[in-house]
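Notes for the structure review
Residues per chain, in single letters:
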Amino acid sequence: MVKATAISQCNARFASEHHEGLVCVFAGATSGIGAGTLERMVTMLAKSTFYVVGRSAARFVSQRAKLESLNPSCKVVFLEAEFSLLSDVDAVCTKIIAAERKVDFLYMSPGLVPLNGPEYTKEGLEMCFAISYYSRMRLTWNLLPLLRQSPRPRVLTVLNGGREQPMRDEDLGLEIPHHWATLAAINHTTTMTSLAFEHLAENDKRITFVHAFPGWVKTDIFSRMTAPESSGVTWKVVLALIQGLVAIVNLFIGISAADCGERQAFHLTSDIYSSGAWRVDQLSEQVITPGVLEQYRERGWREKVWEHTMRVFEKALATDTRSNNKPT
């Protein structure tokens, strides 16, 4: 266990070393854990650039003002995008690649809790799956050339590291309707992330890939949920009960987004995590206990997951191209 006091001390020491000229890309940083991590990182770097990917530049105005007040020497660039769309991720990456020669830190934590059932994007991808896995991997894949130019490149995805579960091997993307379920989506995106990071680490041995589990954090991800208009009274009542239960649990065991952000900043900057693929728990310890990953590794599933991912990229982007070229 890495105690909170030790993490604060390490982060303060990193900040005192006056690291400057770094380029950071943040997705999922307009609220919650991501916002807490972004604020802490802004205070730890000097004369550095932060690209923030989000849905609304207008809603980011007050957050930008706060970031700039925390450290006027840093530059904050907001890139408006719908992160669930691979085409939007590509557009964001095109802008970053045109402006920068390297990327030092890539942080990703966008997400949603798929309690309302599957929802699909215009590219044909289930929303939760896209945000938690495909779009994060697309962002990572596109930025690999710039990450390779950094002296200490690091990729951090905050999801469910260490909590991998068996998957439906014959339907990785849960494309068969009756295979989709809330837990199935969570389990697949978790296990696929760890396997994909291991595959990428094998091919880019200088880059550090960290898959972190944040623990129970006080965010508004549940309170913002609303039941679809088509749902019945029963589901609306159940959803309200879930939200009430989450609020109660937050009171007793939840940590603040700022405290979690402090820990994620540590995951981004600490020398503890060398190059390679890491699974990190809520106490910043590497997860090495035997589990399903060993079985998947032995059967070559790192490569199989990545081959599946690339096929989905091709199919989804082709779907988006066709829909955009339809005659009016």
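As the structure is a computational prediction, the values presented were derived from the model and not from experiment.

Relative to the helices and strands, Pro151 is located in the loop between helix 5 (127-147) and strand 5 (154-158). Separated by 47 residues in the primary sequence, Pro151 and Asp104 have C-alpha atoms spaced 7.6 Å apart. Not counting residues up to four positions away in its chain, the partners in contact with Pro151 are Asp104 and Arg206.

This part takes up the environment of Phe105. Among the structural elements, Phe105 can be located in strand 4 (residues 105-108). According to the relative accessible area criterion, Phe105 is buried, its value standing at 1%. C-alpha separation for the pair Phe105 and Thr269, spaced 164 residues apart in sequence, amounts to 8.7 Å. When near neighbours in sequence (up to four residues on either side) are disregarded, Phe105 contacts Leu22, Val23, Cys24, Val25, Met41, Arg152, Arg154, Leu268 and Thr269.

Taken as a whole and judged by the stated rule, the model has 12 aromatic pairs. For the ring pair Tyr133 and Tyr134, a centre distance of 5.2 Å and an interplane angle of 70° mean the geometry is edge-to-face. According to the relative accessible area criterion, Tyr133 is buried, its value standing at 0%. The rings of Phe26, Phe50 and Tyr107 are connected pair by pair, giving a single aromatic cluster. When the ring centre of Phe213 is taken as origin, the NZ or CZ atom of Arg163, which lies over that ring, is 3.7 Å away.

Conventions adopted
Residues numbered from 1 in each chain as written. Predicted model: local features only at pLDDT ≥ 70, side-chain atom pairs only at ≥ 80, totals over all residues. Heavy atoms only, no water. Helix = DSSP H or I, 4+ residues; strand = E, 2+ residues; numbered from the N terminus. Contact = heavy atoms within 4.5 Å. Buried < 20%, exposed > 50% of the residue type's maximum accessible area, 1.4 Å probe, protein only. Phe/Tyr/Trp six-rings, centres within 6.5 Å; stacked < 30°, edge-to-face > 60°. Lys NZ or Arg CZ within 6 Å of the ring centre and 35° of its normal.

Honestly, that's just the spatial picture; any functional story needs more than this.
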